[in-house]
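Tertiary structure, described
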Amino acid sequence: MKSRLIALLAASAFALSACSQQSTSAVDQHLSTPGLTYDEAQLAQDLSRAIQIQTISHPERDNTADLALFRDFLAETYPLMHARLDPINLGEGSLFFTWEGSDPALQPIVLLAHQDVVPVEPGTEDQWTHPPFAGTIADGFVWGRGALDMKGHLITLLHAIEQHLRDGTQPARTIYIALGADEEIGGAGARLAAARLADEDIQAWFVLDEGGLVLQEHPLTGQPAAMIAVAEKGYMTVEVTARARGGHSSTPPRDSAVSLLAQAIVAIEANPFEHGLEGGPNTAMLLAIAPQVEGMAGFASARPGLFGGMIVSSMMEEDATRAMLGTSIAPTVIRGGIKDNVLPQEASGLINLRLHPRDTTDSALAHLRASVAHMDGVSIDVWNVASNPPPVADFEGDAWQIIAGSALGYAPEGAPAVPFMVTGATDARAFADVADNLYRFAPVWGTLEDTRRIHGDDERLAIDDLGRMTAFFYTVIEQAAVE
Ligand SMILES: [Zn+2]
C-alpha cells in the first residue's frame, strides 16, 4: 500500500513539475561563523533544569509560582539578554524582549517559544523510562515533559541570542523575542505580544516558531528532509442543534430530536469540503521531495493531466495526508435526552473543523448550513472562538531563503528543504495580521515515532540536537538581522 502511494506521489510530483505550475527555487545552505561550537553538556544541563520547573498549563492548576521560578531561571541563565533587551512581563508570565536594530527602515523579525508544558496524564507516570519532571540526562538524551515541546527550542534560542550578545553583535533589523506562558491552554500570551506590535503599527518580516523538524526518514522517500511549516490550518468548532416535539416516547413523531441530530451529522459528513492540491504548499512540498523518489517518474512526466487526480486520490486514502488536502470534519461530542422513555425537545452535537487555507470560518459555516438546509428544526452555530487559517508564508523569496538555507546548514547532507502545512495549531497564528510570513521549524533530527512523544510518554531531546538548534538560531539571526 505504502509503496503504491510513494510511486504515485513521485509520479505526480514529476508530472506537476513538467506542468511547471509551481516550483521552489534552489536554496543556498547557510552556516554560522565557521568553527563556532556550543557546549552541548552545558545546554543539556540547562534543559534539564528547565524541565524540572513544572510550568504545567492546565485550566484547574495555578502555575503562577512555577512560572516565577522559570523566569528566575531564565534571568540567571541568560544575564546579558535580561540586562540589555528590555524584558517585559506582558502579564501572566508571558515575556517580551526587544533587541533594537540600528536601521529602523528594516522590518523586524519575531522569534517565538513558549514556557509552558502539558501535564502528564495521571496514571501514565510509570510508563516513562525516566520520571517526567526529573530532567534526567541519559543515553544521549535529555528526558522529560517539555524537552521537545518546547523547552529545548526555548533554551537553544536564548543560548544563541546570549552568544550573539557576548560576540558583540549589533543587529540592523530589530528582533523581538516573545515567550508565551500559556500556549497549551489558548495562547493569550502570544496574542498579547502580537497586540503590542499592532499597537505600534509594526509589520514584521517573519515570525519563527515551533512546528517543523528534520524528519530522518520522510515517509514518502525514506530519506531525511527538513520539514519547514509555512502554513497551518484554521480552527472552528460548531454546535449542531436539533429541536423536535417532546413528550412521551410511546407516541413518537417521525423524527425525534435525537434522530434529527443523527441525520444532520450524516448529511454534514456526506457533503465534505473540497479536497485538492491547490491553495496551500502541497504542490511545492511534492516538488521538493520529488528528486528523492524513485520509479515511474519518466512515465508520469509525459502524462501530467492524468497524475494530478491520482495523487489526490492516493492522499485521500490515509488520514494524515487527507488532512493536508482540505478542511476536515470531526464530530466529537453528542448530547441529548435524559430518560429512556422521554422524548427530548433538543439534542446537540459539536463538530470540530480544521480549516484548509482555501476556506474561511464564514465560508465553512455557510457550507455546513447548506448541508442541512433541507432539514426543519436543525441549526448550526459557531460554538467557541474560531480562527481563520493564517496566510501561507513565502516559500520562494528572501525570507524563505534565510529559514530554509539555515535549516539546510544543520540538516543531513542532501536533505531537501520542504515547505509543508501543519494540521495542528501553533502560537504563530496569533501574528497573522502583524507579520508577512509565519515559519515553524527547528533542526531537531527526529522520526515520526519521536513526534508521538510530544504530549505523550518518554518525551526527550537528543543532546546532539541542542548544539545544532543553537547554531541554527544563531545563523538565522545573523542572516536575517545583521548587515
Ligand atoms: Zn508547543
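Residues numbered from 1 in each chain as written. Predicted model: local features only at pLDDT ≥ 70, side-chain atom pairs only at ≥ 80, totals over all residues. Heavy atoms only, no water.

What follows covers the overall build of the protein. The secondary structure content of the protein amounts to 15 helices and 19 strands. For the protein, whose C-alpha radius of gyration is 24 Å, the value lies close to the compact-globule estimate of 23 Å for 483 residues. Overall, the C-alpha framework of the protein stretches about 80 × 60 × 50 Å when taken along its three principal axes. Considering the protein as a whole, with its 483 residues, one finds that 56% of them fall into the buried category. In the protein, the proportion of contacts linking residues at least 24 apart, taken out of those at least 6 apart, comes to 84%. As displayed, the protein has an accessible area near 20,200 Å², and 51% of this comes from carbon and sulfur atoms. (Helix = DSSP H or I, 4+ residues; strand = E, 2+ residues; numbered from the N terminus. Rg over C-alpha atoms; globule rule 2.2 N^0.38 Å. Buried < 20%, exposed > 50% of the residue type's maximum accessible area, 1.4 Å probe, protein only. Contact = heavy atoms within 4.5 Å. Areas by Shrake-Rupley, 256 points an atom, 1.4 Å probe, with all protein chains shown as cover.)

Here we come to the packing of helix H3 (residues 64-77) against helix H5 (residues 147-166). Packing of H3 against H5 leaves a shortest axis separation of 11 Å and a crossing angle of 30 degrees. Considering the relative orientation of H3 and H5, their crossing is right-handed. Across the interface between the two elements, Phe70, Phe73 and Leu74 of H3 pack against Lys151, Leu154, Ile155 and Leu158 of H5. Among the residues making up the contact of H3 with H5, the classes are represented as 6 nonpolar, no polar and 1 charged. (Axes fitted to C-alpha atoms, helices over the stretch in contact; angles between N-to-C directions. Left-handed = near helix turned anticlockwise from the far one by under 90°. Nonpolar A, V, L, I, M, F, W, Y, C, P; charged D, E, K, R; others polar.)

A word on the sheet that holds strand E15 (residues 378-382). The sheet built from 4 strands is open, its strands ordered E12-E14-E10-E15 with antiparallel pairing. Single-partner strands in this sheet number two, and they are strand E12 (328-336) and E15. Looking at each pair of strands side by side, their axes are set apart by 20 degrees on average, direction ignored. With 8 bridges connecting them, E12 and strand E14 (residues 346-355) associate as antiparallel partners. (Pairing = 2+ DSSP bridges.)

Looking at the zinc ion, the protein donor atoms are His114 (NE2), Asp149 (OD), Glu210 (OE) and Glu210 (OE), and they sit 1.8 to 2.7 Å from it. Taken in sequence order, the residues that donate to the zinc ion follow the motif H-x34-D-x60-E. One end of the pair, histidine 114, is in strand E3 (residues 109-114); the other, glutamate 210, is in the loop between strand E7 (204-209) and strand E8 (214-215), with 96 residues separating them in the sequence. For the pair histidine 114 and glutamate 210, one class covers both residues: buried. (Donors = N, O, S within 2.8 Å, 3.2 Å for Na, K, Ca; no water.)

We now examine the domain arrangement of the protein. Domain boundaries assigned for the protein yield domain 1 (40-211 + 426-481) and domain 2 (234-274 + 326-388). For domain 1 versus domain 2, the separation of C-alpha centres amounts to 39 Å. (Domains from an automatic or database assignment.)

All right, on to the pattern of salt bridges then. Summed over the entire model, instances satisfying the criterion amount to 13 salt bridges. Here arginine 145 and glutamate 459 are joined by a salt bridge, their closest N and O atoms 2.7 Å apart. Taken together, the residues span a long stretch of sequence, with arginine 145 in the loop between strand E5 (141-143) and H5 and glutamate 459 in the loop between helix H14 (448-451) and strand E19 (460-462) at a distance of 314 residues. Like glutamate 459, arginine 145 is buried. For glutamate 232, the salt bridge goes to arginine 440, with nearest N and O atoms at 2.8 Å. Placement of glutamate 232 in strand E9 (residues 225-232) and of arginine 440 in strand E17 (residues 435-440) is noted, with a sequence separation of 208 residues between them. The exposure class of arginine 440 is buried, given its relative accessible area of 0%. Salt bridges sharing partners connect three or more residues here, namely Glu232, Arg429 and Arg440. (Salt bridge = Lys/Arg side-chain N within 4 Å of Asp/Glu carboxyl O.)

For the rest of this paragraph, the subject is the environment of proline 104. Mapping proline 104 onto the fold places it in the loop between strand E2 (95-99) and E3. With a relative accessible area of 79%, proline 104 lands in the exposed category. Spatially, the C-alpha atom of proline 104 lies 8.0 Å from that of alanine 172, the residues being 68 residues apart in sequence.

Moving on to the sheet that holds E5. Strands sit in the order E4-E5-E19 across an open sheet of 3 strands; the sheet is antiparallel. Two strands close off the open sheet at either side, each with one partner strand: strand E4 (137-138) and E19. The pairing of E5 with E19 spans 3 bridges and is classified as antiparallel. Paired with valine 142 across the bridge in E19 is leucine 461. Strands E4, E5 and E19 of the sheet are contacted by helix H15 (residues 463-481), whose axis makes an angle of about 70 degrees with E19.

This brings us to the side chain of threonine 237. Within the secondary structure, threonine 237 sits in strand E10 (residues 234-243). Here the side chain of threonine 237 touches asparagine 352 through a polar contact of 2.9 Å, side chain to side chain. Once residues within four sequence positions are removed from consideration, threonine 237 is found in contact with Leu350, Ile351, Asn352, Asp381, Val382, Trp383 and Asn384. (Polar contact = N/O pair within 3.5 Å; in protein donor to acceptor, adjacent residues only side chain to side chain.)

This next bit is on the pairing of E9. Among the 8 residues of E9, 8 are classified as buried, and the element is accordingly described as predominantly covered. Bridging between E8 and E9 involves 2 bridges; their strand directions are antiparallel. Following the sheet pairing, valine 214 is matched in E9 by alanine 226. Both E9 and strand E16 (residues 417-422) contribute to a ladder of 6 bridges, which runs parallel. Bridging across to E16, glutamate 232 finds its partner in valine 422.

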